[in-house]
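Next come the chains, spelled out residue by residue.
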Amino acid sequence: MSADREWVDAGIWGKSRGLVRPYPLIWHLIDTAAVAGVLWDRYLAANQRRIIVEGLAVDEGHARSLIMFWAGLHDVGKAIPGFQKKHEGAFAALRRDGTYEDYRGDCSLNHDVAGQLALPELLGALGYPQLGRRASGRLAYRVGQVVGGHHGRFHQTSSPHGGRLQLGGGRWGRQREALVRLVHGAVGSPAPPAAVDAAACVLITGLVILADWLASQEHFLRRQLSQVPELVTVESAGAHLSALTGPAVGLVDEAGLAVPSYRAAGFADLFPHRPNALQRSVIDELLPVVDGPGLLVVTAATGDGKTEVGLEAARRLAEVCGASGFFFALPTMATSDQMYRRVREFAVRLADGPAPVTLLHSMSWLNADYEARAAVEVDELGAVVSDDPAGHVVAPEWLRGRKRGLLAPMAVGTVDQALLAALTTKHNALRLLGLSGKVFIVDEAHSYDEYMSALLRRLLSWLGRYGCPVVLLSATLPSSQASALVRAYQEDAGVEPARVSVPYPGWTFVPAAKADVVTISATAREQVVAGRTMRFRLDVRPVRHATGPERLVR
């Protein structure tokens, strides 16, 4: 066999924890590619697919194949001596025929960084633009960043830790070439895209992280271990990929990640009371004309029904934008706990099948309503199988794991859970993936200090870029603060920021596209004000005040 057409060695392992024997790296890569394809079909919202398609400058089918290919490359950095040494038995078997070089120097290179270092050259053989010394904008380097970021952090430098020496030469390099070639052929040999812009790159990274997490579950690996082909060829890899469609769909659905179905419901179906004047104005004047994403600002006094306005507006915005649901952000854990009950009741009435609702803050495990799962039937993997409508909104075990709650169709939690997406924190790409496919509702938008307001503006810039609908609710939002938030959203949405004046009480909707701002009519606002009018009766009664010794009477 010639060196340039070397077969993939199934002895190079990718997973071992909890398994009776190591799981071959090539099949973990193919598994992850299959899950990425299902996530494209069953998890991504319409606006997320649009951003990726436009960011790659290809059609949707081509974009899906590229996502599967890049997800299938995420662990190519495990084909290095330093990583393979972590399983002594498997490494000894590889070294037995003497064709693999042993690297005896520093082995501190993590496999995610190794993948980023190796990929530009490997992708060059497939027609991707080659990497220069300072070519951060070039295609191969961007794809390498996606692979390097699959553990939650992007790596900026091109050669950390003297890393190229640790990649291993000789047969190690030929095996990495064979892995890339085999995955590429298995997913249909997609041609390189014209570009990968930053917004698309972040979403793709989040999707790769999610696909890897799902495909790395021990119960799945144990089941697959006895089913993977013994012969590693492009044909066997393609057949294995096709056979994974059903199991991959099962992984996504068991995790609670499938886009839910919602009933065609009106206000009376969703809430136990008739709409008041503020709610009626949104139903009559805004919802019929909304045909795309935008930012809605609602200002009214406490008790005027802003929560119902936010939920009803989110329902309509999700419908017209193809969003999977919403995240309701609040300033404190206490208010989040209270809102969780209301949102859960709303979700039970709205959902037509499984639609998990998660509660996101550090003490959610103390919330009795959220933890009440005893009456809900689940399978051995923790997936909800109950036919009870209330069971449809119970979050399965997978979504209750760390950093996973924002991936649920509907979520309630403290606003910091969303603001972390705007910081360079670990797995911020995963948070942006979870947020950008939803309607983002912010309650008490006036209550944040300057630092949190700056983070909120930065997050709104990202969401504006992604075409994500936003609803801001407030009792006392200053006009200057409202204008700053709207400006942050519109600038990255690609439209000229509009001059916004939010009436009080009332609402204003600012589209993410070039369209007219919609605001509450004067007549409707008068009705809202009239509905808040209260009559008081003042009784004046004389009161006798004791003086002198009388004050000492016991």
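Residues numbered from 1 in each chain as written. Predicted model: local features only at pLDDT ≥ 70, side-chain atom pairs only at ≥ 80, totals over all residues. Heavy atoms only, no water.

S.K.: Just checking my understanding: could you explain the nonpolar core for this structure?
M.R.: If you look at soluble globular proteins, the nonpolar side chains tend to sit buried side by side. Counting residues in each nonpolar core, the largest one holds 180 residues, and the members touching the most others are Leu257 and Phe440. A total of 13 residues in this core trace back to one element, the largest contributor, which is helix H10 (residues 198–215). Beyond its immediate chain neighbours, meaning those up to four positions away, Phe440 contacts Phe327, Ala329, Ala418, Leu435, Leu456, Leu459, Leu460, Leu463, Cys468, Pro469, Val470 and Val471. (Core = buried A, V, L, I, M, F, W, Y, C linked by side-chain atoms within 4.5 Å. Buried < 20%, exposed > 50% of the residue type's maximum accessible area, 1.4 Å probe, protein only. Helix = DSSP H or I, 4+ residues; strand = E, 2+ residues; numbered from the N terminus. Contact = heavy atoms within 4.5 Å.)

S.K.: When you look at the pattern of salt bridges in this model, what are you seeing that I'm missing?
M.R.: Two side chains of opposite charge can pair, provided their charged atoms sit close to one another. As enumerated under the stated definition, the model contains 18 salt bridges in all. Of the charged contacts in the structure, one is a salt bridge between Lys85 and Asp102, with a shortest N-O distance of 3.1 Å. You can see Lys85 sitting in the loop between helix H4 (81–84) and helix H5 (88–95) and its partner Asp102 sitting in the loop between H5 and helix H6 (111–124), a full 17 residues away along the chain. The class for Lys85 is partly exposed, based on a relative accessible area of 27%. Between Glu308 and Arg342 there is a salt bridge; the shortest N-O distance is 3.1 Å. Of this pair, Glu308 sits in helix H16 (residues 306–321) while Arg342 sits in helix H17 (residues 333–350), placing them 34 residues apart in sequence. Classification of Glu308 by relative accessible area gives buried; the value is 12%. (Salt bridge = Lys/Arg side-chain N within 4 Å of Asp/Glu carboxyl O.)

S.K.: Which parts of the structure should I look at to understand a nonpolar patch on the surface?
M.R.: Judged by side-chain polarity, Met333, Met363, Trp365 and Leu366 come together as a nonpolar surface patch covering roughly 420 Å² of accessible area. Mapped onto the elements of the fold, Leu366 is located in the loop between strand E5 (357–360) and helix H18 (368–371). (Patch = residues over 30% accessible without salt bridge, like charges linked within 9 Å, V, L, I, M, F, W, Y side chains within 5 Å. Areas by Shrake-Rupley, 256 points an atom, 1.4 Å probe, with all protein chains shown as cover.)

S.K.: Is there a simple way to think about helix H21 (residues 450–465) in this case?
M.R.: Since one α-helical turn is 3.6 residues long, residues separated by three or four positions face the same way. The end-to-end C-alpha distance of H21 is 23 Å, a good match for the 22 Å that 16 residues give at a rise of 1.5 Å each. All buried positions along H21 are accounted for by Ser453, Leu455, Leu456, Leu459, Leu460, Ser461, Leu463 and Gly464. Where H21 is buried, its residues touch strand E3 (294–299), helix H19 (416–419), helix H20 (428–436), strand E7 (438–442), strand E8 (470–474) and helix H22 (479–493). One side-chain oxygen of the residue at the start of H21 lies 3.2 Å from the amide nitrogen of Tyr451, identifying that residue as Asp449. Where H21 ends, the next residue or the one after it, Gly467, has phi of about 65°, a positive value. (Expected span 1.5 Å × (residues − 1). Polar contact = N/O pair within 3.5 Å; in protein donor to acceptor, adjacent residues only side chain to side chain.)

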